[in-house]
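The lines below spell out each chain.
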Amino acid sequence: MPQQSSDLADLYPAAIFEITSLADEIRADRACHELLKQFAADLAAAGLDPEQSGSLAHGADYFLREFIIGDRRENLLRLRPGRVRQFAGNWYIVRNLEPNLAELFRILEGLAAFYQYLVEQGLVPGDTASQVLAEAADRPWFQARIDSFWAISCDGFQAWVRTCPLDDAN
C-alpha cells in the first residue's frame, strides 16, 4: 500500500538531507536509497509494471546519490535551479566512458517522475518539480552537448565546459 503524504513527510524531513560532514552524507545517501525504494514500491502498487518502476527509481538514483549527494553534497529536497542541466550537460558526459542519449534520457525520465512523486508526497513544492521537468525536457540541448563533446579537438575542452559549468548553478 502506498505511503501517505504525511507519513513520508514525517519520515523524510528536509533536515535529514542536509550535508555538512561525511556522517551527514552517509545518512542522506541511506535516506535517499530508502525513499527511492518507497517510490518504486508506490509506483508498482499503483499499477506500473515493476520493471518500469524499478527503472524510474534507478534513473533518479544515479542523479541523486552520485551527483547531488555524493558530488555536490546538497539537499535533494532543496534542489537548486540548473542542477539537472549541469548534471546532464556536463557531469554525466565527462564521468561516463560512453555517454549516450538513451541512458541519459532514462535517467532524466526517472528524475522527472521522482520529483513529481515528491510533490505528491508533500516533500517539495510544485515549482521544484516544474523546474526539474522543464530542465529534463530539453532533449535537443542534451543531444547537442553530447555531440559537441565527441567533437572536441585540441584544447576545446575548456570552451565546452564554459558553456555549462558545474560551479554556476544559475
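Higher on the page you've got the structure.
Thresholds applied
- Residues numbered from 1 in each chain as written.
- Predicted model: local features only at pLDDT ≥ 70, side-chain atom pairs only at ≥ 80, totals over all residues.
- Heavy atoms only, no water.
- Helix = DSSP H or I, 4+ residues; strand = E, 2+ residues; numbered from the N terminus.
- Polar contact = N/O pair within 3.5 Å; in protein donor to acceptor, adjacent residues only side chain to side chain.
- Expected span 1.5 Å × (residues − 1).
- Bend = angle between axes of the 7 residues up to and from the residue.
- Buried < 20%, exposed > 50% of the residue type's maximum accessible area, 1.4 Å probe, protein only.
- Arc of directions from axis to C-beta.
- Contact = heavy atoms within 4.5 Å.
- Core = buried A, V, L, I, M, F, W, Y, C linked by side-chain atoms within 4.5 Å.

**So, the side chain of Gln38**
Along the chain, Gln38 falls in helix 2 (residues 22–45). One polar contact links Gln38 to Asp42, side chain to side chain, over a distance of 2.7 Å.

**Let's talk about helix 4 (residues 83–95)**
Quick reminder: α-helices carry 3.6 residues per turn. Residues three or four places apart thus point the same way. Taking 1.5 Å as the rise per residue, helix 4 with 13 residues should run 18 Å; its terminal C-alpha atoms sit only 16 Å apart, a clear shortfall. The largest bend along helix 4 measures about 25° and falls at Gly89. In terms of burial, helix 4 is a largely internal element, 10 of the 13 residues being buried. Taken residue by residue, helix 4 has Arg83, Val84, Gln86, Phe87, Ala88, Gly89, Asn90, Trp91, Tyr92 and Ile93 as its buried positions.

**Structural notes on helix 7 (residues 139–150)**
Taking 1.5 Å as the rise per residue, helix 7 with 12 residues should run 16 Å; its terminal C-alpha atoms sit 17 Å apart, in good agreement. Those residues of helix 7 that sit buried are Trp141, Phe142, Arg145, Ile146 and Phe149. Summarising the axial view, the buried residues of helix 7 lie within an arc of 135°, below the 170-degree limit, and thus occupy one face. In the core, the buried residues of helix 7 are packed alongside helix 4, helix 5 (101–120), helix 6 (126–136) and helix 8 (157–162).

**Structural notes on the environment of Asp127**
With respect to the helices and strands, the residue Asp127 is situated in helix 6. We classify Asp127 as exposed; its relative accessible area is 55%. Taking C-alpha positions, Asp127 is 26 Å from Glu25, a pair spaced 102 residues apart along the chain.

**Thoughts on the nonpolar core**
Core analysis: the biggest nonpolar cluster contains 52 residues, and Phe63, Leu76, Phe114, Tyr115 and Leu118 have the highest contact counts within it. Tallying contributions element by element places helix 5 first for this core, with 10 residues. With near-sequence residues (within four places) excluded, Phe63 lies in contact with Ile68, Leu79, Arg83, Val84, Phe87, Ile107 and Leu111.

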